[in-house]
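# Structure assessment
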Amino acid sequence: MSNPFDEAVDIQLEFDGRILRGQYQIWNYPTHRELCVYYNGRSDSATLTEDTDNVQLAMQLFQQVVRNNYTRLDRIDADLPTAIREAAFHYVNDIEDDHPDNPDYLLSHTLVESFGDQSVGSLAHRRVSWLCVNVLKCVIPAWSASCDHPTAEHTFDQLVHHLRDGVAIDNWDDLCRPAIATRDGHRIVDCVACMVEPIAEGVANTAKYLRHGEPRIAGDVIWDAWCAQSEGAWRSETVSFQQWVVLVALPAALDFRELEDASIYA
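These lines cover the structure that appears in this document, whether it is placed above or below. (Residues numbered from 1 in each chain as written. Predicted model: local features only at pLDDT ≥ 70, side-chain atom pairs only at ≥ 80, totals over all residues. Heavy atoms only, no water.)

## Things to note about the environment of A46
As a reminder, the rule being used: Comment: elements are numbered from the N terminus, with helices defined as DSSP H or I runs of at least four residues and strands as E runs of at least two. Between two residues, a contact is recorded if the distance between any of their heavy atoms is within 4.5 Å.
Examined against the element boundaries, A46 turns out to sit in strand β4 (residues 42–47). Residues A46 and L35 lie 11 residues apart in sequence; the distance between their C-alpha atoms is 5.5 Å. Those residues in contact with A46 that lie beyond four places of it in its chain are R33, E34, L35, L57 and L61.

## A word on the pairing of strand β3 (residues 33–39)
Our working rule: Each residue's exposure class comes from its accessible area (1.4 Å probe, protein chains only) as a fraction of the maximum for that residue type: buried when under 20%, exposed when over 50%, partly exposed otherwise. Paired strands are those between which DSSP finds at least two bridges.
Summarising burial for β3: 5 of the 7 residues are buried, a large majority. Bridge count for strand β2 (residues 18–28) against β3 is 6 bridges, and the pairing is antiparallel. Its bridge partner lying in β3, I26 is registered against L35. Following β2, the chain reverses through 4 residues before pairing antiparallel with β3. Judged from the 6 bridges that link them, β3 and β4 form a sheet pairing that is antiparallel. By the bridge assignment for β4, C36 is matched with S45. Here β3 folds back onto β4 in antiparallel fashion, the turn holding 2 residues, of which N40 has a positive phi close to 55°.

## Details of the packing of aromatic side chains
As a reminder, the rule being used: Only rings of Phe, Tyr and Trp enter the pairing, Trp through its six-membered ring, and a pair is recorded when the two centres are within 6.5 Å. The plane angle decides the type: under 30 degrees is stacked, over 60 is edge-to-face, the rest tilted. Geometrically, a charge over a ring is one whose NZ (Lys) or CZ (Arg) sits within 6 Å of the ring centre while staying within 35 degrees of the ring normal.
Per the stated rule, a full pass over the model turns up 8 aromatic pairs. A ring pair is formed by F15 and Y70, whose centres lie 5.2 Å apart and whose planes are at 75°; its orientation type is edge-to-face. A residue pair is termed long-range when its members are at least 10 positions apart, and F15 in strand β1 (residues 9–15) and Y70 in the loop between α1 (54–69) and α2 (82–93) qualify at 55 residues. Note on accessibility: F15 and Y70 belong to one class, buried. Between W234 and F241, the aromatic rings sit 6.2 Å apart at their centres with planes inclined by 75°, giving edge-to-face as the arrangement. An aromatic cluster of three or more residues is present, and its members are F15, Y70 and F89. Sitting over the ring of F256, R126 keeps its end group 4.1 Å from the ring centre.

Don't take any of this as a statement about function, it's just geometry.
See below:
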């Protein structure tokens, strides 16, 4: 039996005055061979024929994926503070360009840190709190769709009421512990766990951030949501998760605004 895929090949493209990097890989199926290009969490593919120039096809697909997914600075809300806007630009465009060891995780934290001092009760803390809540709103429905008990959702709702309406919380320690995902009375340990466990972690980390105001924890929330959506908790045919965070969730957070469902599932 032949190897199902060939080794990935690095490619790059000059675009918007920057060098953007990606990869292509050839997949060997029983009936055909397919070339797939990957950039910034998005991909495109085409079937190969005997006379296909693999490198030329890879570059054509790469250019197409870049055009469809790269976010120019002028698309990002010009009213955002300069430091946040610049961090957002790097977050949405540099996932596979910078920080190769763990790019999504590091850039999530850089985005949060751009808000500056986040002592509890400060404007920055309130804004980042809304960012955490709004980012989680796109993945939290996957919990009830996969689990027996709405424990994570109940915690999330309590946090939203606290942030939106000032409802006091007297059980912070409980809220800061991740919920256990179960199905048919048993803890979920199959591939679905990779989707629901980050949701539970994200909700617990949001509680920790609302309580303590540590930027590192808020960065973890964005990372948790990224992990959950990458396993199927959220999908969009028009934007990547990073684009949605920057173009939709971030401006709302700066305005202390809770996203409506239409903004999350459009």
